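Topology and contacts: notes
Okay, here's what each chain looks like letter by letter:
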Amino acid sequence: MSNYEYHKPQTVKEAIGLMESLENAKYIAGGTDVIVLVKQEKLAPANLVSLRNISELVYIDTKDGLKLGAGVTHSAIANNEFIRKRYSALADAAGAVGSKQIRNVATMGGNICNAAPSADTACPLLVLDAKIVIDGKAGKREVPIDDFFLGPNKVALNAGELVTGFVLPDLGSNTGSAYIKHARRQAMDLPIIGIAARAAIKIDGNEAVCRDSFVAGNDISQTIKRLEDERLVFEDVRIAMGVVAPRPVRAKKAEEAIKGKIISEKLLKEIGEIAASESQPRDSIRGEAWYRREMVKVLTGRAILRSIGRIVGPEQMTNPNRLW
Amino acid sequence: MDNLLHVGKNIPRTAETDKVTGRAVYMDEYKRPGMLHGKILYSRYAHARIKSINTEKAKNLPGVRAVITGYDIPDVRVGFLGDQTVLKRDLVRQFRDEVAAVAAITPEIAEEALKLIEVEYEPLPAIFDPLEAMKPDAPLVHETDARGRPLRSNILPLPWKFNAGDVEKARQESAYTATDSVNTPWINQCCMGTSGCVAEFDSNNNLMFCSQTNVIFGAKQRIQTYLLNIGLKGKKIRVINPTVGGSFGTKLDTDIYEFICIQLALKTRKPVRIRFTREEEFMALPPRQTARFTIEQGCDKNGLLTFRKVEAILDNGAYTSWGATTPSVMMLPISSMYRVPNVSFQATCVYTNNIYSQAMRGYGNPQAAFAVETSMDHLAETAGIDAAEFRMINRNHPGDVTPMGLKITTCPLEQCITAVKEKIKWDEKRGKRNGRGVGMASLIHVAGGARVYLSDGTGIRIKVNESGEVDVLSGSTDQGQGSPTVIAQIVAEATGFKPEDVNIVFGDTALGLWDAGTHASRHTFVAGNAAVRAGEKVKQQILELAVQYIPKMVKRSLKQQKKKNPDFVEPELDYTLIDSPEKLDLRNRMIFPKAAPDHPHFKTEVGKILTSGLHVGTGESKAVVAEVFWDPPTEMLNAEMKGNYSCTYAFGAAGVEVEVDRQTGEVKILKLVSAHDVGRAINPSLVKGQIYGAAYIGVGYGLTERVQLVDGKVVNPNFRDYKILTANDAIPVEAVIIEDPDPAGPYGAKGIGEPGLVPTAPAIANAVYDAIGVRIKDLPITPEKVLAALKAKEG
C-alpha cells in the first residue's frame, strides 16, 4: 500500500484549488471505495483530498423536489422520512448498501462517482430523473444522470471536478418508486442484479379502493386483479437496471410499452420480458447471465408493483420489506 | 449425580472479558524484541516449471533482512505423505505454492520486497477435475513419491475401502432401492483470527514457537522432525499458544508458512512473525475439499434398511494434508447412521492442481451425511413412508454394535427426532408442496474422543495453593470454544472448590502433560475425564489433611476460648465423625463431616486446612497436587477400517422449515430446530452456543458458501464474494438439549463441538424438496440451481 498525503479542505473552493495544485491527487469522501482500491493497489494517489469536513456538501433540501448534498451519507438518506415516502427507491437502495458501518460513512456522491455497474443508488437516481451538480475550476454545471455514467468506473467528470450534489424533480402524489436489490445475503453484498422502478398512475375519481388489498398483504395475483378491475392506468413509468450492462441502464423500450396501459398481470410479465431483452448481462463469479436475465423478467414487475403500492397506500408502504 | 453444584449451571465464560475489551493477546499482540515480519511469495501458475528466481533487488531493499528460496534451505520433505517441500525449487503444482519468502523490519517492506523478486516460469499442462485426473493418460501432478519412486497415477495410495455383510445379496432382496449422486463444495473454515506464528531461536538454536495449533504436542513432534532433517539435532522446542481466534480444523496440521517462519528466524537470528491477510487465508490455507458421492440404499417392504453402498471421489489438491483422511470420519455416518446391516464404502483421493485440502469442523461427516440423508428422503419416498417415520424405524438403539464395530452406549436419537418433529410442526406442515416445506436429517458423531493417533489421551495436572486457588495445567488448547469455563466447572465439582477459584493454563508444551489435541469434539470428554480424576485425587489429599488438622484446630480453638473465659464449658465432641477421609466431604470450599454437614465445630473452610498443611515446620511435608493422564478405552481402526474408535457417540437431528420463491429460486429459512444428545450439558448456554454456531456454518454450507476455483485459482478470496452469513442473515435457530448422561463421560457429558454442523445442510435440501418437489443434490443450494431445476421440471 502506497503512502499518501491527506488534505482536509473546509470548502469546495479550497478543495478544487488543492486538486489543481497537487500532483497525482484524488478526492476521497467516505473512503469505502477509495481505500479499498488503494489497498488493492489499483489506485496509488500521492495526495488524497478529503471532502469529509466540507459542511456545504451536507444538506437535504425538500423544497420543490429534493436537493441532496454529495456528502450526505447512505444512513442519512435511508433514515429520512421524507425521502422514504416521496423518493422511496432511493431510500430502499441507500439502506441496502454494504452494512450499517459502511452506510454511516459512505456518501451518495462517492457511490455515484465510483460508478460500479452494481452501485445500488445509481438505478434509483436514474428512475427519479436526477441531475448531478458538478463544480470545478471552470465553474458549476448540471448533468442528467443518464449522461453522467460513461462505463464501468467511468463518469463525465473533467480533471479536478467534483460532484457537489443531486437535484431531483418533484414527482407528484400519484407517483411511487421502489428499488429491489437481489443479493445472496442481507448485508455486505453486491447485487446479483438491482432493479429500480418509478410509476405514476392515473386514479380516476376518488382514492383507489385497491389500497385495502395492498395493506392487507394479499396474495400478489389477487392484488393485481384488483388493480385491473379498477382499470388503473400507467401514466408514466421508469425502469432502471443494475449489473446487466457495463453501466446502470434504463429499460426505455419497456418504459414506452407500458405507458398508458391498464395494469394487469399479463402486462407486467410482458414488460419484464421487454426489459430483459434490453439487458446485456454476462457471466461472472457473482452470477450467471441467464439467471440475471430471468431476474430482470421477474423483478421488473415486482418493483413496479411495489411502486404502485406506495402510491395507493403511501403511509403503510414506506417499509420496503412490506410487499413480497 | 443430581446433587451437582457447578456442573449443569450457566456460568458465564471466564476468559472472554479480556477478548471483548481488547486485552487478550492474539497473534497480532504477541510481540518480541527485535521481531521481524515475514511474507511469502506464491506461485503465479497452477502448474509450471521454475526457470529462474532472482532475489537480488529484493535483498537490496532497505529494511529487508533476509530473502530465501528453495535453494537457500535444505531440500527437506514435509507433510502427511511427505509430498512437498517448504519452498519449491523446480516445480510449482498449485497457485499457493510457496516460492520465496522475505523477512523485513515491517510487514509493508516485506510486501514491497516480494514484488521485487523475479521468477521466470514455464507453464505446464494442469488438471483441475478429479475425474479427469483419474484417467490413465492424465498429466501427473507428481512424477514420483516421497522416496523418489515413479508414480503412474494421480490416485493417492490410500485405499479407503470398507465392507460389511453382503451388499449384492441385500440389493437383490430389497423391496425398494434409491440411487443418488451428490456433490459438496470447497469451503473455507473462516476463522475470525487469520493464521500466523512467531518463531524465535535462542543462541543454542533452541526454538520457542508461538503457534495457533490446537495439537501442541503433534506440532512439536513435526517441528522436531523437521529440525532434525535440516541438521539441528537435539534442540529443545517449546510450543505455546497465544489467544486463538477459532480453529475449525485449520490448526490440526502444521502448515507450510510455519516451517517458512522457522527458516526465516534461523536465517536472521531474530524472532520472526508471519501473519496471513484475509486474502491469504482464502488462497493459501487449505480448505475443506470438494467431494462427489454416489450412494445407493435399499429397504425391505416394511422400510427396514437392507444395504448402503457409497463411492466417494475427493479432490485432494496438489499435496496431502488431513483432507485425505476425511474418509475415516465419512465412515461414521456411512456405516453407522441408522441400523443398516450391509455396507460398502470406497473413497478415492485424487491429486489435482487445485489448492490442497485439510480438515474442517465435522471432518468427513457433513459431506457424507449430506449423501446419506439425501438418499434417506429419496428412499423413504420410493417406499411410500413418511421421511421422519422412516428414520424412526431405522434408528440406532443403545447396545447396538454397528457394522464398523462402533459400540453404541447411550442413544437418545428417538427423543431427538421426536423433539424436531414436534417443534417444526412436522405432521401439520409436511408434504404441502406449496412453496413452503419442512425437512429433517440426523447425525452420529464421535463424542468420546477419537483414536486417530496411537494415544487419544490427555494429561491434567492440578495443584492447590496455600490460600486455596486451584491451578490447572492442561496439555490441551483453547481456541475460543469455552474450554476454560467448562474445565473450571468440572474441576470445581470434582475438587470441592468454586469455579472462580480455578485458574487454567492451556497451550504450553513445557507446562502441560501430553495431549492428543483439541479436535474431534474430544476436549470436554477426554480432558474432562482427566480433570475429574485428578480433581478427585486432590480432594482426597485435602480430606486426608483435614483428618489430621481439623481435630487439632478445633482443640486449639476450644483451649483459647477456655483461656479467655474460665466459665466456658468445653462441649463433648464426637471426633469419630472426622477420623477418616471417607467420613468427610468437601463442597464449595467447605469441609464437613458427611454425618453432620452443619457441624458447628467441624465444618471448616478449606483455606485454613491448606495453610496448616503447608506450614508445619522443617522437613518434608505435603503439597496438594495431583496429575492424571487419561486415555479412553478405545481402538484404532484396523486394516478393514473397523474398530470402536470413540468411547461414546453423539446423536442428533435437525429440522428446517423453508419458503422457496419459485420465481427467483431463493430459499428462506423460516425456522431451524437442532436437537442434540449431549449426555449432560456441563454449561447449557455454552452447549447452545456450540449448536447455534455449528448450525449457522451448516446453513452457509447448505445455501451460500463456496470457494470458487477457476483453473486452480481462488477467485473469491474475500468476504464480499465468499458468502458467509452475516448478522443480518440471522435465522431463528432453536437449540434443543437432550440429556441422557453417558456412564463414560465426565458427569455424563459427551462432545458437542462438531455435531450441530452435520445435519443442517441435508435438512435444508430435504425441506426444499418438500416445498417445491425439486431435489438439489449439489451444495450450496443457490437460487440459480433451484430455478434451473424448477425450469427443467416444468419442461
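Residues numbered from 1 in each chain as written. Chains lettered and ligands numbered in written order. Predicted model: local features only at pLDDT ≥ 70, side-chain atom pairs only at ≥ 80, totals over all residues.

Concerning the overall build of chain B
In terms of helices and strands, chain B carries 19 helices and 30 strands. In terms of overall dimensions, chain B is globule-like: its C-alpha atoms have a radius of gyration of 29 Å, near the 28 Å expected for 795 residues. When each of the 795 residues of chain B is scored for burial, the buried share is 57%. A separation of at least 24 residues holds for 81% of the contacts in chain B among residues at least 6 apart in sequence. (Helix = DSSP H or I, 4+ residues; strand = E, 2+ residues; numbered from the N terminus. Rg over C-alpha atoms; globule rule 2.2 N^0.38 Å. Buried ≥ 20, exposed ≤ 12 C-beta atoms within 10 Å, placed from the backbone. Contact = placed C-beta atoms within 7 Å.)

A word on the overall build of chain A
Of the regular secondary structure elements, chain A holds 14 helices and 14 strands. The globule rule puts the C-alpha radius of gyration for 324 residues at 20 Å, and the 20 Å found for chain A is close to it. Its C-alpha atoms put chain A at 65 × 45 × 30 Å along the principal axes. Going through the 324 residues of chain A one by one, you find that 51% of them count as buried.

A few points about the sheet that holds strand β10 (residues 162–168) of chain A
All names here are of chain A. Within the open sheet, the five strands sit side by side as β4-β5-β10-β6-β7. Their pairing is antiparallel. Single-partner strands in this sheet number two, and they are β4 (60–61) and β7 (141–144). Where β4 and strand β5 (residues 66–69) come together, two bridges link them in antiparallel fashion. Bridge pairing in β5 places Asp 61 opposite Lys 67. (Pairing = 2+ DSSP bridges.)

Structural notes on helix α14 (residues 483–495) of chain B
Counted at 1.5 Å a residue, the expected span for α14(B) with its 13 residues is 18 Å, and the 18 Å between its end C-alpha atoms agrees. Here α14(B) lies mainly inside the structure; 13 of its 13 residues are buried. (Expected span 1.5 Å × (residues − 1).)

A word on the domain arrangement of chain A
Residue and element names in this part refer to chain A. Split by domain assignment, chain A resolves into domain 1 (5–50), domain 2 (57–168) and domain 3 (175–318). A separation of 19 Å is found between the C-alpha centroids of domain 1 and domain 2. Counted by class, the side of domain 1 that touches domain 2 contains six nonpolar, three polar and two charged residues. (Domains from an automatic or database assignment. Nonpolar A, V, L, I, M, F, W, Y, C, P; charged D, E, K, R; others polar.)

Some details on unusual backbone geometry
A cis geometry characterises the amide bond from B:Leu779 onward to B:Pro780, with omega recorded as -5°. Following the sequence through the fold, B:Pro780 ends up in the loop between α18 (760–772) and α19 (783–794). With a phi angle near 55°, A:Asp129 is a residue other than glycine that sits in the positive phi range. Here A:Asp129 shows up in the loop between α8 (122–127) and β6 (131–135). Taking the number of C-beta atoms within 10 Å as the measure of exposure, A:Asp129 has 16 and is therefore partly exposed. Positioned with a positive phi, B:Arg269 is a non-glycine residue whose angle comes to about 65°.

With respect to the interface of chain A and chain B
Listed by partner, the interface residues are 15 residues for chain A and 17 residues for chain B. Of the residues forming the side of chain A that touches chain B, the biggest block, four residues, is contributed by helix α14 (residues 289–312) of chain A. Residues belonging to the side of chain A that touches chain B are distributed by class as follows: eight nonpolar, two polar and five charged.

A look at the confidence of the model for chain A
The predicted model of chain A has a mean per-residue pLDDT of 91, with 91% of residues at 70 or higher. Low confidence marks residues 317–324 of chain A, where pLDDT is under 50. Its contacts with residues over four positions away, or in another chain, come to 13 contacts. (pLDDT = per-residue confidence, 0-100.)

Some thoughts on the environment of B:Phe602
Residue and element names in this part refer to chain B. Summarising the element assignment, Phe 602 is placed in the loop between β23 (590–593) and β24 (604–605). On the neighbour-count criterion, Phe 602 (23 C-beta atoms within 10 Å) is buried. On a C-alpha basis, the gap between Phe 602 and Leu 577 in space is 8.8 Å, while along the polypeptide they are 25 residues apart. Ignoring anything within four residues of it in the chain, the contact list for Phe 602 reads Ile 550, Val 554, Leu 577, Ile 578, Phe 592 and Pro 593.

Here we look at the nonpolar core
For soluble globular proteins, the rule of thumb is that nonpolar side chains tend to be buried together. In this structure, A:Met241, B:Ile260, B:Val491, B:Ile764 and B:Val768 are the most contacted members of the largest nonpolar core, which totals 339 residues. It is helix α15 (residues 523–564) of chain B that provides the largest number of residues to this core, a total of 13 residues. (Core = buried A, V, L, I, M, F, W, Y, C linked by C-beta atoms within 7 Å.)

Comments concerning the environment of B:Thr290
Residue and element names in this part refer to chain B. Examined against the element boundaries, Thr 290 turns out to sit in the loop between α8 (278–283) and β15 (291–299). Placed 27 residues apart in sequence, Thr 290 and Gly 317 show a C-alpha to C-alpha distance of 9.7 Å. Beyond its immediate sequence surroundings of up to four residues, Thr 290 is in contact with Asn 183, Thr 184, Pro 185, Trp 186 and Asp 315.

Comments concerning the pairing of strand β7 (residues 98–104) of chain B
All names here are of chain B. In terms of burial, β7 is a largely internal element, seven of the seven residues being buried. Note that strand β1 (residues 36–42) and β7 share six bridges and pair antiparallel. For Gly 38, the partnering residue across the bridge sits in β7 and is Ala 103. As paired strands, strand β3 (residues 64–69) and β7 are joined by five bridges and run antiparallel to one another. What sits directly across from Ile 68, in β7, is Ala 101.

Digging into the domain arrangement of chain B
Residues and elements named next belong to chain B. When its domains are assigned, chain B resolves into domain 1 (31–125 + 195–275), domain 2 (291–396 + 410–452 + 636–794) and domain 3 (458–630). Just the C-alpha atoms count here: the centres of domain 1 and domain 2 sit 37 Å apart. Listed as interface residues are 16 residues of domain 1 and, on the opposing side, 18 residues of domain 2.

Looking at helix α6 (residues 216–229) of chain B
Residue and element names in this part refer to chain B. Spanning 14 residues, α6 covers 20 Å between terminal C-alpha atoms, matching the ideal 20 Å at 1.5 Å per step. Among the residues making up α6, those that are buried are Ile 216, Phe 217, Ala 219, Lys 220, Ile 223, Tyr 226 and Leu 227. Buried positions along α6 lie against β4 (77–78), β12 (207–211), β13 (237–240) and α7 (256–268). Once α6 finishes, Gly 231 follows within two positions and takes phi at roughly 100°, a positive value.

Concerning the sheet that holds strand β9 (residues 160–164) of chain B
Residue and element names in this part refer to chain B. Reading across the sheet, the five strands line up as β9-β17-β16-β15-β10 and stay open at both edges, with mixed pairing between neighbours. Either end of the sheet is taken by a strand with one partner, and the two such strands are β9 and β10 (176–184). Adjacent strand axes in the sheet meet at a mean angle of 10°, parallel and antiparallel pairs treated alike. Across nine bridges, β10 lies against β15 in antiparallel orientation. The residue of β15 that forms the bridge with Asp 180 is Ile 295. Lying on the sheet, helix α9 (residues 327–336) is in contact with β9, β16 (305–317) and β17 (342–351); it crosses β17 at an angle near 155°. (Axes fitted to C-alpha atoms, helices over the stretch in contact; angles between N-to-C directions.)

Examining the environment of B:Ile669
Residues and elements named next belong to chain B. Relative to the helices and strands, Ile 669 resides in strand β27 (residues 667–679). Considering only alpha carbons, one finds Ile 669 and His 601, 68 residues apart in sequence, at a separation of 62 Å. Beyond its immediate chain neighbours, meaning those up to four positions away, Ile 669 contacts Val 656, Val 658, Val 699 and Ile 731.

Re the confidence of the model for chain B
Chain-level pLDDT for chain B is 96 on average; 99% of the residues reach the 70-or-more range. This complex was scored by the predictor with a pTM of 0.96 and an ipTM of 0.94.

Quick notes on the pairing of β12(B)
All names here are of chain B. The buried count for β12 comes to four of five residues, which makes it a mostly enclosed element. Where strand β11 (residues 196–201) and β12 come together, five bridges link them in antiparallel fashion. In the strand pairing of β12, Glu 200 is matched with Met 208. The hairpin formed by β11 and β12 contains five residues between the paired strands, and Asn 205 there has a positive phi angle of roughly 65°.

Looking at the packing of helix α13 (residues 265–278) of chain A against α14(A)
All names here are of chain A. It is at 8 Å that the axes of α13 and α14 come closest, and there the two elements cross at 135°. Classified by the angle their axes make, α13 and α14 are oblique. The handedness of the crossing between α13 and α14 comes out as right-handed. Judged by residue contacts, Leu 268, Lys 269, Ile 271, Gly 272, Glu 273, Ala 275 and Ala 276 of α13 engage Arg 293, Val 296, Lys 297, Val 298, Thr 300, Gly 301, Ile 304 and Leu 305 from α14. Residues of the contact of α13 with α14, tallied by class, amount to eight nonpolar, three polar and four charged. (Parallel < 35°, antiparallel > 145°, perpendicular 65-115°, else oblique. Left-handed = near helix turned anticlockwise from the far one by under 90°.)

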